[in-house]
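Structural overview for review
Chain residues, written in single-letter form:
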Amino acid sequence: MQSLMPSREQMAIKLNEEEKAFSEELERLCIAVDADRSGFLTRDQFADGINKGRIPLLLHLLGLDQDHVQNFFEVLCSTTADNQVDIKSFVRGCMRLKGPATSFDLQIAISNIADLERNNAREFRNLKRRIDRIERVDAVDVATSQRSSVYVGSSHDPL
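Worth saying up front: this structure is predicted, and the values here are computed from it rather than measured.

Thoughts on the overall build of the protein
In terms of regular secondary structure, the protein is built from six helices and two strands. Along the protein, helices and strands appear, N-terminal first, in the series α-β-α-α-α-β-α-α. Within the protein, buried positions represent 19% of all 159 residues. Taking the intrachain contacts of the protein between residues at least 6 apart in sequence as the baseline, contacts between residues at least 24 apart amount to 63%.

With respect to a positive patch on the surface
Where like charges cluster on the molecular surface, the positive patch consists of R122, R125, R129, R130, R133 and R136. Topologically, R130 is positioned in helix α6 (residues 103-153).

Looking at helix α5 (residues 87-97)
Taken together, the buried positions of α5 are occupied by I87, F90, V91, G93, C94 and M95. Where α5 is buried, its residues touch α1 (8-33), β1 (40-41), α2 (43-52), α3 (55-62), α4 (66-78) and β2 (85-86). Positive phi appears at G99, one or two residues downstream of α5, with a value of about 75 degrees.

Section: the UniProt feature "domain: EF-hand" (unreviewed entry) in the protein
UniProt records the feature "domain: EF-hand" (unreviewed entry) for residues 21-56 in the present numbering. For residues 21-56, the end-to-end C-alpha separation is 16 Å, with 69% helix and 6% strand making up the annotated structure.

Quick word on the pattern of salt bridges
Under the criterion given, the structure shown has nine salt bridges. The closest approach of N and O atoms between R54 and E25, which form a salt bridge, is 2.3 Å. Taken as a pair, R54 in the loop between α2 and α3 and E25 in helix α1 lie far apart in primary sequence, 29 residues in all. Two residues, D132 and K128, come together in a salt bridge whose shortest N-O distance is 3.6 Å. A residue pair is termed a helical-turn pair when its members lie 3 or 4 positions apart in one helix, as D132 and K128 do in helix α6 at four residues. Shared partners join several salt bridges into a network, and the residues in it are E25, R28 and R54.

A closer look at the packing of aromatic side chains
Using the criterion set out here, one finds four aromatic pairs in the structure. Judged by centre distance (4.1 Å) and plane angle (10 degrees), the ring pair of F46 and F73 falls under stacked. Placement of the pair is F46 in helix α2 and F73 in helix α4, with a sequence separation of 27 residues. Residue F46 is classed as buried on the basis of its relative accessible area, which comes to 4%. On the numbers, 5.5 Å between centres and 85 degrees between planes, the contact of F73 with F90 is edge-to-face. Residue F73 is found in helix α4, and its partner F90 is found in helix α5; the two are separated by 17 residues along the sequence. What links up through ring pairs into an aromatic cluster is the set F46, F72, F73 and F90.

Quick notes on α1
Relative to the 38 Å expected for 26 residues at 1.5 Å per residue, α1 spans 38 Å between its end C-alpha atoms, a close match to the ideal helical length. Along α1, the positions that sit buried rather than exposed are S23, E25, L26, E27, L29, C30 and V33. Contacts from the buried residues of α1 go to β1, α2, α3 and α5.

What counts and what doesn't
Residues numbered from 1 in each chain as written. Predicted model: local features only at pLDDT ≥ 70, side-chain atom pairs only at ≥ 80, totals over all residues. Heavy atoms only, no water. Helix = DSSP H or I, 4+ residues; strand = E, 2+ residues; numbered from the N terminus. Buried < 20%, exposed > 50% of the residue type's maximum accessible area, 1.4 Å probe, protein only. Contact = heavy atoms within 4.5 Å. Patch = residues over 30% accessible without salt bridge, like charges linked within 9 Å, V, L, I, M, F, W, Y side chains within 5 Å. Areas by Shrake-Rupley, 256 points an atom, 1.4 Å probe, with all protein chains shown as cover. Salt bridge = Lys/Arg side-chain N within 4 Å of Asp/Glu carboxyl O. Lys, Arg positive; Asp, Glu negative; His and termini not counted. Charge placed at Lys NZ, Arg CZ, Asp CG, Glu CD. UniProt positions renumbered as here; feature names shortened; annotations may be inferred. Phe/Tyr/Trp six-rings, centres within 6.5 Å; stacked < 30°, edge-to-face > 60°. Expected span 1.5 Å × (residues − 1).

See the structure below:
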């Protein structure tokens, strides 16, 4: 009787195959709304997919809350200069949003935040050095122009 029931390994393989199929389908749906075929989604393209496409149904099948996915998309958008999200990164992120966060997920998030803090601190130091250099050059220019105006204004020639 036990041989008729799938083993844990078989169930895990089946679950993995289903998730891969959902992931590929979500990627296909996102590519379908990528009007310029850039591999990136703009806010308008994503909204179009949510409003007109099958993306909401697939999100529901994945057990993902549409509002959470939209917020996730907005967060990703806000971290890029051109406000576009790489489709593959978005799909990977959505697949990771499934289910409860694990300790591993939280450790990755903490590590990413620490990396961002280090990068921000480094960029801040670089900007501070640049500003300091500009202020020093500006101070030299001001001092030089004040000295030259003293020399120009001290002419002994009568008008």
